[in-house]
Amino acid sequence: MTSGFLTTHVLDTAKGLPAEGIEIALFRVDGDSREKIATAVTNDDGRTDTPILPAGDFATGTYELIFYAGDYLRRTGQVTEEPLFLDQIPIRFGINDAESHYHVPLLLSPYSYSTYRGS
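What comes next concerns the included structure. These figures come from a predicted structure and were not determined experimentally.

## Quick look at the sheet that holds strand β5 (residues 33-41)
- If you walk across this open sheet you meet the four strands as β5-β4-β6-β7, and the pairing is antiparallel. Looking at strand neighbours, the two that pair on one side only are β5 and β7 (88-95), the edges of this open sheet. On average, each strand axis in the sheet is tilted by 25 degrees relative to the strand beside it, whichever way the strands run.
- Bridge count for strand β6 (residues 61-68) against β7 is eight bridges, and the pairing is antiparallel.

Structure, rendered in structure tokens:
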């Protein structure tokens, strides 16, 4: 049985605050196809209330997180002109250790983002 799990966290680097209310979708990727396996929304700390991929569902493979950042940027008044420079932000990554905790945060501003494997 695996004990790994996947978490995420979104920080608004332009405002210096956690990004609350960002919808996130998680997909399992297999070649050219992908299957949506989870959705979540960030809380007032910019995190999801539970792991986006809990231990019971955790498996090695390729995954993709889609952060629906455009809705958040519009709602917070940081962008007004369409089309947005950043709207949906995909992050594709691999999990190769079924026993580990994978943390994939998003650092967001209206015109840039970054990510890393956190702890």
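We are not done yet, so read on.
## A look at the environment of Val 10
- Relative to the helices and strands, Val 10 is located in strand β2 (residues 10-12).
- Relative accessible area serves as the criterion here: at 0%, Val 10 is assigned to the buried category.
- Each C-alpha atom of the pair Val 10 and Val 104 lies 9.1 Å from the other, and the pair is 94 residues apart in sequence.
- Leaving out residues up to four positions away in the same chain, Val 10 has contacts with Pro 18, Ala 19, Ile 22, Thr 42, Gly 46, Phe 67, Leu 106 and Leu 108.

## A word on the pattern of salt bridges
- A complete count under the given rule lists six salt bridges for this structure.
- Here Asp 45 and Arg 47 are joined by a salt bridge, their closest N and O atoms 3.0 Å apart.
- A residue is classified by how much of its surface remains accessible, and Arg 47, at 34% relative accessible area, is partly exposed.
- Salt-bridge contacts for Asp 71 lead to Arg 74; the nearest nitrogen and oxygen are separated by 3.3 Å. Of this pair, Asp 71 and Arg 74 are both found in helix α1 (residues 69-75), three residues apart, which corresponds to roughly one turn of the helix.
- Sharing partners across several salt bridges, the network here consists of Asp 71, Arg 74, Glu 82 and Asp 87.

## Here we look at the pairing of strand β10 (residues 112-115)
- Bridge analysis of strand β9 (residues 106-109) against β10 gives four bridges, and the strand direction is antiparallel. Each bridged residue has a counterpart across the sheet, and for Ser 109 the counterpart in β10 is Ser 112.

## Some details on the sheet that holds β9
- Here we have four strands laid out as an open sheet, ordered β3-β2-β9-β10, and mixed in their pairing. Here the strands that pair on one side only, and so sit at the sheet edges, are β3 (17-18) and β10.

## A look at the side chain of Thr 7
- Among the structural elements, Thr 7 can be located in strand β1 (residues 5-7).
- Using a relative accessible area of 15% as the deciding quantity, one classes Thr 7 as buried.
- Within polar-contact distance, the side chain of Thr 7 engages the side chain of His 101 at 2.7 Å.
- Separated by 2.6 Å, the side chains of Thr 7 and His 103 make a polar contact.
- Other than its neighbours up to four places away in sequence, Thr 7 contacts Pro 51, His 101, Tyr 102, His 103 and Val 104.

What counts as what
- Residues numbered from 1 in each chain as written.
- Predicted model: local features only at pLDDT ≥ 70, side-chain atom pairs only at ≥ 80, totals over all residues.
- Heavy atoms only, no water.
- Pairing = 2+ DSSP bridges.
- Helix = DSSP H or I, 4+ residues; strand = E, 2+ residues; numbered from the N terminus.
- Axes fitted to C-alpha atoms, helices over the stretch in contact; angles between N-to-C directions.
- Buried < 20%, exposed > 50% of the residue type's maximum accessible area, 1.4 Å probe, protein only.
- Contact = heavy atoms within 4.5 Å.
- Salt bridge = Lys/Arg side-chain N within 4 Å of Asp/Glu carboxyl O.
- Polar contact = N/O pair within 3.5 Å; in protein donor to acceptor, adjacent residues only side chain to side chain.

The analysis is restricted to geometry; functional conclusions fall outside its scope.
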